[in-house]
Amino acid sequence: MKQTLAILAASTALAAPAFAETLSVVGSWSSLPLHKQYEAPFWGTALPEASGGDLTVELTTHNQMSLGLGDIYPLLGQGVYDVAMTVADYAVADAPELEGLDVPLLALSADEARAMVDAARPMVADIYRDRFNSHVLAIAPYPPQVVFCNHEIANLGDLEGLKVRASGRMTAKLLEALGAEGVNVSFSEVPGALQNGVVDCAVTGAGSGYSAGWWEVSTHLLPIPLGGWDSVVTAMNLDKWNSLGADKQTLIQSEIASGFEDPAWASAQNALVNDIACLTGNGDCPAGEARDMTLVEVSDADFDRARDILTGEVLPEWAERAGGDWAARWNDSVGKVVGVSIK
């Protein structure tokens, strides 16, 4: 009997991974498609399976943990958890230079947005290393950030004088330059704010607004990407990253690119068209029941005006606020991709 038990124990030890790591992972908004379709399957199933059991994951989301949005990356840097992902704009109070990752109106397609992100990635990696003691693993998009209004509008100029929830600081600056009043309201509080008149309009991804039911408390949709693509950065605590062996690091980096980042970008390509159809009934809605918001057409004059304000006022103001050589770095990377140079 003792010999049998010894053999069983030895075979069990051989079958188990010798250096299994458990990663505590904090995902982005649990109710939105990015988490449901990509984050949860990747961290919950794909990565542990690809590692052959060498990596296990304990997954939750920042809203399930009731984390303050500005606290997510600082807590990551302190090692409260191993991996976190959320919108980069939530971290700009601690890192104003990070605003240069997701500039409004410069990318009108997923391919253009990804080219911007790829150009910005070395800057983003430095920011997360220096500001948040973290290693950047991936950058994925939410859908283009458009304008939901519970107020009748016919063009971009009608935002003047209205109270608008922005999706990030640079978007708020752009809205203010357009004559609107930027209001700081968290994503989860927007439906109540629209319903009660705290804000007249709010900026978020068309798909996010559909999933979160913003169509119930807003009437008009202005599909101009005033909020950029709300890039979601996935990062690992740098001490944790450095503690992993080279094999685990390579596996994680490779798997997150092919199993999370690439599919998320691929789905974003047609997301805006599909999401507008879902919100307005103009076309087929692949996500469920189509709604009946009024679609406000974006004119060339609207777009040109917003773009002129962005390049003439908003970007130079960001360059001054970020300081250092960030404007020069942006010009040499993202600026070259989009054909814009900050003076």
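Our structure's up above, just so we're on the same page.
Residues numbered from 1 in each chain as written. Predicted model: local features only at pLDDT ≥ 70, side-chain atom pairs only at ≥ 80, totals over all residues. Heavy atoms only, no water.

A. The packing of aromatic side chains, seen in detail. Counted under the stated rule, the structure contains eight aromatic pairs. Ring geometry for Trp29 and Phe187: centres 5.5 Å apart, planes at 45 degrees, overall tilted. Taken together, the residues Trp29 in the loop between strand 1 (21–27) and helix 2 (33–50) and Phe187 in the loop between strand 7 (181–183) and helix 6 (190–196) connect sequence positions 158 residues apart. Assigned by exposure class, Trp29 and Phe187 land together as buried. The lysine or arginine in question, Arg291, covers the ring of Trp215, its NZ or CZ lying 3.6 Å from the ring centre. (Phe/Tyr/Trp six-rings, centres within 6.5 Å; stacked < 30°, edge-to-face > 60°. Helix = DSSP H or I, 4+ residues; strand = E, 2+ residues; numbered from the N terminus. Buried < 20%, exposed > 50% of the residue type's maximum accessible area, 1.4 Å probe, protein only. Lys NZ or Arg CZ within 6 Å of the ring centre and 35° of its normal.)

B. Seen up close, the side chain of Glu97. Looking at where Glu97 falls in the secondary structure, it is placed in the loop between strand 3 (83–87) and helix 4 (110–132). A polar contact of 2.8 Å, which involves the side chain of Glu97, links it to the side chain of Arg131. (Polar contact = N/O pair within 3.5 Å; in protein donor to acceptor, adjacent residues only side chain to side chain.)

C. Main features of the pairing of strand 1. In terms of residue burial, strand 1 counts as a mostly covered element, since five of its seven residues are buried. In this structure, strand 1 lies alongside strand 2 (residues 55–61), joined through seven bridges in parallel fashion. When the bridges of strand 2 are listed, Glu21 appears paired with Leu55. At this point the chain moves from strand 1, through helix 2, to the parallel strand 2, and the crossover so formed is right-handed. Across two bridges, strand 1 lies against strand 3 in parallel orientation. Across the sheet, residue Val26 finds its bridge partner in strand 3, namely Ala84. (Pairing = 2+ DSSP bridges. Right-handed = clockwise from strand over helix to strand, strands pointing away.)

D. Molecular detail of empty space enclosed by the protein. Enumeration according to the criterion identifies three cavities of 30 Å³ or more in this entry. Trp29, Leu32, Val87, Tyr90, Tyr142, Gln145, Arg165, Ser167, Phe187, Thr204, Ser208 and Asp230 are the residues that line the largest cavity. Looking at side-chain class alone, the lining of the largest cavity contains six nonpolar, four polar and two charged residues. A volume near 60 Å³ is recorded for the second largest cavity. (1 Å grid on protein atoms, 1.4 Å probe; cavity = no way out; pocket = protein on both sides within 12 Å on 5 of 7 lines; lining within 4 Å. Points joined across faces, edges and corners; volume = space filled by probe spheres on them. Nonpolar A, V, L, I, M, F, W, Y, C, P; charged D, E, K, R; others polar.)

E. Examining the layout of surface pockets more closely. Space inside the largest pocket adds up to approximately 460 Å³. Lining the largest pocket we find 19 residues, and of these Pro33, Gln37, Pro143, Ala271 and Asp275 sit closest to its centre. When residues of the lining of the largest pocket are traced back to their parent elements, those giving at least two are helix 2, helix 7 (206–211), helix 9 (246–268) and helix 10 (271–280). By volume, the second largest pocket amounts to about 370 Å³. Ala166, Ser167, Gly168, Arg169 and Asn184 are, among the 17 residues lining the second largest pocket, the residues nearest its centre. Of all the secondary structure elements, the ones that give two or more residues to the lining of the second largest pocket are helix 5 (169–177) and strand 7. Of the residues belonging to the lining of the second largest pocket, the class tally is nine nonpolar, five polar and three charged.

F. Focus on the sheet that holds strand 4 (residues 134–140). Sheet architecture is open: five strands sit in the order 2-1-3-10-4, paired in mixed fashion. The open sheet has two edge strands with one neighbour each: strand 2 and strand 4. Taking the axes of each pair of neighbouring strands and ignoring which way they run, one obtains an average angle of 20 degrees across the sheet. By the bridge criterion, six bridges tie strand 4 to strand 10 (residues 232–237) in an arrangement that is antiparallel. Bridge pairing links His135 to Met236 in strand 10. Along the sheet face, helix 4 touches strand 4 and strand 10 and points at about 145 degrees away from the line of strand 4. Sheet contacts for helix 9: strand 1, strand 2, strand 4 and strand 10; angle to strand 4, the most-contacted strand, approximately 25 degrees. (Axes fitted to C-alpha atoms, helices over the stretch in contact; angles between N-to-C directions. Contact = heavy atoms within 4.5 Å.)

Fair warning: the whole summary comes from geometry, so function is off the table for now.
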